Amino acid sequence: GENVEQHPSTLSVQEGDSAVIKCTYSDSASNYFPWYKQELGKRPQLIIDIRSNVGEKKDQRIAVTLNKTAKHFSLHITETQPEDSAVYFCAARSNDYKLSFGAGTTVTVRA
Amino acid sequence: GAGVSQSPRYKVAKRGQDVALRCDPISGHVSLFWYQQALGQGPEFLTYFQNEAQLDKSGLPSDRFFAERPEGSVSTLKIQRTQQEDSAVYLCASSLFGAADTQYFGPGTRLTVL
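Here the structure is a predicted model, which means the values were calculated and not measured.

K.L.:
Break down the pairing of strand β9 (residues 88-95) of chain B for me, citing the residues and quoting the values.
P.N.:
Residue and element names in this part refer to chain B. For β9, a buried count of eight out of eight residues is recorded, marking the element as mostly surrounded by other parts of the structure. Residues Ala88, Tyr90, Cys92 and Ser94 of β9 are buried on one face, and the alternating residues Val89, Leu91, Ala93 and Ser95, pointing to the opposite face, are buried as well. Here strand β4 (residues 31-37) pairs with β9 via seven bridges, running antiparallel. Within β9, the position partnered with Leu32 by the bridge is Ser94. The pairing of β9 with strand β11 (residues 109-113) spans three bridges and is classified as antiparallel. Along β11, the bridge assignment pairs Ala88 with Leu111. Bridge analysis of β9 against strand β10 (residues 104-105) gives two bridges, and the strand direction is antiparallel.

K.L.:
Kindly report on the side chain of Thr47 of chain B, identifying the contributing residues and their values.
P.N.:
Residues and elements named next belong to chain B. The topology assignment puts Thr47 in strand β5 (residues 44-50). A residue is classified by how much of its surface remains accessible, and Thr47, at 0% relative accessible area, is buried. A polar atom in the side chain of Thr47 sits 2.7 Å from the backbone oxygen of Asp56. The contacts of Thr47, once residues within four sequence positions are left out, are Leu32, Phe33, Trp34, Gln54, Asp56, Lys57, Leu60 and Ala67.

K.L.:
Help me get a handle on the sheet that holds strand β3 (residues 19-25) of chain A, residues and values and all.
P.N.:
Residues and elements named next belong to chain A. Strand order across the open sheet formed by five strands is β1-β3-β8-β7-β6, with antiparallel pairing between neighbours. Every other strand in the sheet has two partners, leaving β1 (4-7) and β6 (56-59) as the edge strands with one partner each. Adjacent strand axes in the sheet meet at a mean angle of 15° when their direction is disregarded. In terms of strand pairing, β1 meets β3 through four bridges, oriented antiparallel. Across the sheet, residue His7 finds its bridge partner in β3, namely Lys22.

K.L.:
Give a detailed account of the nonpolar core, specifying residues and quantitative values.
P.N.:
Residues Ile21, Tyr25, Phe33, Trp35, Phe73, Leu75 and Tyr88 of chain A are the most contacted members of the largest nonpolar core, which totals 23 residues. Elements with a minimum of two residues in this core: β2 (10-14), β3, β4 (32-38), β5 (45-51), β7 (62-67), β8 (72-77), β9 (86-93) and β11 (105-110) of chain A. Not counting chain neighbours up to four residues away, the residues in contact with Tyr88 of chain A comprise Gln6, Ile21, Tyr36, Lys37, Ile47, Leu75, Ile77, Gly104, Thr105 and Val107 of chain A. Judged by nonpolar contacts, the second largest core, of 19 residues, contains Trp34, Phe49, Leu60 and Phe65 of chain B.

K.L.:
Describe the layout of surface pockets, with residues and values.
P.N.:
Roughly 510 Å³ of volume is contained in the largest pocket. Contributing to the lining of the largest pocket are 26 residues, with Gln38, Leu40 and Gly41 of chain A together with Gln37 and Arg110 of chain B lying nearest its centre. Per element, the largest residue contribution to the lining of the largest pocket is three residues, and it comes from β9 of chain A. As a volume, the second largest pocket reaches approximately 350 Å³. Contributing to the lining of the second largest pocket are 17 residues, with Glu2, Leu99, Ser100 and Phe101 of chain A together with Glu44 of chain B lying nearest its centre. For the lining of the second largest pocket, the elements supplying multiple residues, two or more each, are β10 (99-101) of chain A together with β5 of chain B. Looking at the lining of the second largest pocket element by element, the count peaks at three residues for β10 of chain A.

Thresholds applied
Residues numbered from 1 in each chain as written. Chains lettered and ligands numbered in written order. Predicted model: local features only at pLDDT ≥ 70, side-chain atom pairs only at ≥ 80, totals over all residues. Heavy atoms only, no water. Buried < 20%, exposed > 50% of the residue type's maximum accessible area, 1.4 Å probe, protein only. Helix = DSSP H or I, 4+ residues; strand = E, 2+ residues; numbered from the N terminus. Pairing = 2+ DSSP bridges. Polar contact = N/O pair within 3.5 Å; in protein donor to acceptor, adjacent residues only side chain to side chain. Contact = heavy atoms within 4.5 Å. Axes fitted to C-alpha atoms, helices over the stretch in contact; angles between N-to-C directions. Core = buried A, V, L, I, M, F, W, Y, C linked by side-chain atoms within 4.5 Å. 1 Å grid on protein atoms, 1.4 Å probe; cavity = no way out; pocket = protein on both sides within 12 Å on 5 of 7 lines; lining within 4 Å. Points joined across faces, edges and corners; volume = space filled by probe spheres on them.

Dropping the structure here:
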């Protein structure tokens, strides 16, 4: 099955700086890569996703890049704000429905 | 509109007890998923329904775990003879049409087995 690895496990950034989280996947058939943000005790919420037919997608301060050849994808958050502090999960879908998640990155934005 | 809801939000069970966890998906959503999230980890797939049909239960850890969605809307995850290793947050997600659509998650049920 699909195996997703996520790095780093924790990330502390100064407010206004950028944050980058990287994930690798094992199944070359994976074609959909969502990113979820989970605040403490709350539900995971989709913040951005990318499909395998594009290399980059941007939504305001958030962008995701995908390198299919290397089987890795990254989340970029620019101009970080305190409300960006949360756990971020990457995921990959290798069949029609099953999402495989990374272990998560705890992001702390220092004011 | 209303999102995915789950109940109870917290459940404490003594080892050996049976528990039932409920998921109310977004109205009209065809696909429903259950995930298990251990502390400090990402969600792990348990099972998938399309309407009332359980199409994949490969992630269920043992035969003590059972899920149903008899009318194609509300789903129940049942765990029999709970063990301490069952302690986790159980997340439900739904998607509109096929399972290839975006999955929207519920708030989860935190199960603690003593």
